[in-house]
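So you can see what is in the structure, the chains are spelled out below.
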Amino acid sequence: MKRLLAFLTIALFVSPLFSQKYIAAARQDKLWGFVTEKGTWYVNPQFQHLRNYSEGRAAVMVDKKWGFLDENGGFAVNPQFVSVKDFHEGLAAVRVSKKWGFIDKNGSFAINPQYEAVRDFHDGRAMVRLAGKWGYISPDGNYIINPQYVHIESFNGGIAPAMMNKKWGYIDLNGAWVINAQFEKAGPFSDGIAVVRSAGKFGAIDKNGHFLINPQFEVMRDFHEGMAAVRLGKVWGFLNEEGKYAVNPQFVAVLDFHDGRAGVRQGKVWGFIDKNGRFVVNPQFEKVKDFYDGMARVRVGGLWGWINKNGGFVVNPQFPNCFDLVKLNK
């Protein structure tokens, strides 16, 4: 008990920059803490493992147990769980022994541990697995859709991919099939279009299950902001929702579009392009991550920092590792 109290005293040492809008998890040497958008420490490095803030709570590990920090860096929920996920819609999944349940922001169980596996709450429902089958529950723990699927994914636009008898199709919010299970793979819908694989090739369908882009690609990723990355031979480009090349295949590797930008690699260095394929940030980085709220992580000389959409540094490269800059209360 004395050890925990001593640790809590240390943990409460937080930089008094409460007006900062964005913070991110960052590592210094072997320990993690949180930095502001100016690169100054908000919570000093002291944790072996942690997760970014979500809804004003951040998961941290102490002595191999997980708890949650509040917005000021003090413990809202003391370390006690084997594993945890982030807070979404006021609830966080936590594992006790081998079972998962959900707690509120004060650490009280809203749904007792009982599931083999779970996903986060979105749009008032969470995926849970029981006896090897997946279903959906409400925030009070009642089943919206009973466990019956081998695999399911999140709903988007009222439709979710689901697997039955080794084939993927799509179900509605009540669990009824709106597109029968027939595909080898099926991605989420985005603006009414979803990427699927049939007979070994990828294409895209509408919400009626009709092909908008016939299966023809060996590798194709889900649509993001109206663009889908595809690989032709050894190079990548991007299709629009009509199945036409918006950006011709030419890059060694690509990320998906976020905030109107996509990371692309030419040779051994990364930059960012717009939806016309023009470079908005020239290739110069060892590694990059997606843009999030107008900022992206980039690595230079083995150290990570953040840039804005024009390529200017928001925080200079200085961290061996870091996460996205996120709003503290988002």
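Keep in mind it's a predicted model, so treat the numbers as computed, not measured.

Engineer: Would you mind showing me how to read the overall build of the protein here?
Structural biologist: Looking only at helices and strands, the protein has one helix and 36 strands in total. Once the C-alpha set of the protein is aligned to its principal axes, its extents read approximately 65 × 50 × 30 Å. Each of the 330 residues in the protein was classed as buried or not, and the buried ones make up 45%. Looking at the protein alone, contacts between residues at least 24 apart form 31% of all its contacts between residues at least 6 apart. About 15,800 Å² of surface is accessible on the protein, with carbon and sulfur atoms providing 47% of the total. Looking at the protein, you have 41 positive and 30 negative side-chain charges, and the mean spots of the two groups are 8 Å apart.

Engineer: Which parts of the structure should I look at to understand the packing of aromatic side chains?
Structural biologist: Two aromatic rings, taken as a pair, are described by how far apart their centres are and by the angle between their planes. Across all of its chains, the model carries 15 aromatic pairs by this definition. On the basis of an interplanar angle of 80° and a centroid distance of 5.8 Å, the ring pair of tryptophan 41 and phenylalanine 319 is categorised as edge-to-face. In this pair, tryptophan 41 is assigned in strand 3 (residues 41-47) and phenylalanine 319 in strand 34 (residues 313-319), connecting sequence segments 278 residues apart. Accessibility assignment for this pair places tryptophan 41 and phenylalanine 319 in one class, buried. Taken together, the ring pairs connect Trp41, Trp306 and Phe319 into an aromatic cluster. Over the ring of tryptophan 100 we find lysine 85; its NZ or CZ atom is 5.3 Å from the centre of that ring.

Engineer: Would you mind going over the sheet that holds strand 21 (residues 201-205) with me for this structure?
Structural biologist: Strand pairing in a sheet relies on backbone hydrogen bonds, with the paired strands running either antiparallel or parallel. Taken in spatial order, the four strands make up an open sheet running 19-20-21-22, and their pairing is antiparallel. Both edges of this open sheet fall to strand 19 (185-186) and strand 22 (211-217), since each of them pairs with a single strand only. When strand 21 meets strand 22, the two strands line up antiparallel, connected through three bridges. Within the sheet, the bridge partner assigned to phenylalanine 202 lies in strand 22 and is phenylalanine 217.

Engineer: It is not clear to me how the pattern of salt bridges should be interpreted in this structure. Could you clarify?
Structural biologist: Side chains carrying opposite charge are able to pair once their charged atoms draw close together. Considering all chains together, one arrives at 10 salt bridges under this definition. For the salt bridge of aspartate 86 with arginine 51, the shortest nitrogen-to-oxygen distance reads 2.9 Å. Here the residue aspartate 86 occupies a position in strand 7 (residues 83-88), and arginine 51 occupies one in the loop between strand 3 and strand 4 (58-62), the gap between them amounting to 35 residues. When the shortest N-O distance is used, the salt bridge between arginine 129 and glutamate 116 registers 3.1 Å. Of the two residues, arginine 129 sits in strand 12 (residues 126-130) while glutamate 116 sits in the loop between strand 10 (109-115) and strand 11 (117-118), which places them 13 residues apart along the sequence. Residue arginine 129 is classed as partly exposed on the basis of its relative accessible area of 29%.

Engineer: Just to check I follow, could you spell out unusual backbone geometry for this structure?
Structural biologist: Negative phi values dominate among residues other than glycine, just as trans dominates among peptide bonds. The backbone of alanine 131 sits at a positive phi, close to 55°, despite the residue not being glycine. Along the chain, alanine 131 turns up in the loop between strand 12 and strand 13 (133-137).

Engineer: Explain the pairing of strand 3 to me, please; I cannot follow it from the model alone.
Structural biologist: Along any regular strand the residues' side chains alternate between the sheet's two faces. Of all seven residues making up strand 3, five are buried, and the element is well covered by its neighbours. Examined bridge by bridge, strand 2 (residues 31-36) and strand 3 share three bridges and lie antiparallel to one another. Looking at the pairing, phenylalanine 34 lines up with valine 43 of strand 3. Counting the residues between successive antiparallel strands, the hairpin from strand 2 to strand 3 contains four residues, one of them, glycine 39, with a positive phi of roughly 85°.

Engineer: What's the story with the nonpolar core in this structure? I'm lost.
Structural biologist: Generally speaking, a soluble globular protein has its nonpolar side chains buried in company with each other. In terms of nonpolar packing, the biggest core is built from 16 residues, with Phe34, Phe47, Leu50, Tyr53 and Leu69 touching the most fellow members. Looking at this core, the elements with two or more residues in it are strand 1 (22-28), strand 2, strand 3 and strand 4. When near neighbours in sequence (up to four residues on either side) are disregarded, leucine 50 contacts Ala25, Trp32, Gly33, Phe34, Ala59, Val60, Trp66 and Phe323. Residues Tyr22, Trp304, Val315 and Leu325 belong to the second largest nonpolar core, which totals 12 residues.

Engineer: Honestly, the environment of phenylalanine 313 in this entry has me stumped. Any pointers?
Structural biologist: Among the structural elements, phenylalanine 313 can be located in strand 34. Remark: the alpha-carbon pair of phenylalanine 313 and valine 298, spanning 15 residues in sequence, is separated by 9.4 Å. Excluding residues that lie within four positions of it along the chain, phenylalanine 313 makes contacts with Phe285, Val298, Val300, Trp306 and Ile307.

Engineer: Even after reading the chapter, I still don't get the layout of surface pockets, so can you show me in this structure?
Structural biologist: Once rolled over the atoms, a probe with the size of a water molecule shows which space is left empty. Taken as a whole, the largest pocket spans an internal volume of roughly 340 Å³. Considering the residues around the largest pocket, the lining is formed by 13 residues, among which Ser54, Asp86, His88, His122 and Tyr292 are closest to the centre. Within the residue set of the lining of the largest pocket, elements represented by two or more residues are strand 7 and strand 36 (326-327). Along the lines of polarity and charge, the residues of the lining of the largest pocket split into four nonpolar, four polar and five charged.

About the thresholds
Residues numbered from 1 in each chain as written. Predicted model: local features only at pLDDT ≥ 70, side-chain atom pairs only at ≥ 80, totals over all residues. Heavy atoms only, no water. Helix = DSSP H or I, 4+ residues; strand = E, 2+ residues; numbered from the N terminus. Buried < 20%, exposed > 50% of the residue type's maximum accessible area, 1.4 Å probe, protein only. Contact = heavy atoms within 4.5 Å. Areas by Shrake-Rupley, 256 points an atom, 1.4 Å probe, with all protein chains shown as cover. Lys, Arg positive; Asp, Glu negative; His and termini not counted. Charge placed at Lys NZ, Arg CZ, Asp CG, Glu CD. Phe/Tyr/Trp six-rings, centres within 6.5 Å; stacked < 30°, edge-to-face > 60°. Lys NZ or Arg CZ within 6 Å of the ring centre and 35° of its normal. Pairing = 2+ DSSP bridges. Salt bridge = Lys/Arg side-chain N within 4 Å of Asp/Glu carboxyl O. Core = buried A, V, L, I, M, F, W, Y, C linked by side-chain atoms within 4.5 Å. 1 Å grid on protein atoms, 1.4 Å probe; cavity = no way out; pocket = protein on both sides within 12 Å on 5 of 7 lines; lining within 4 Å. Points joined across faces, edges and corners; volume = space filled by probe spheres on them. Nonpolar A, V, L, I, M, F, W, Y, C, P; charged D, E, K, R; others polar.

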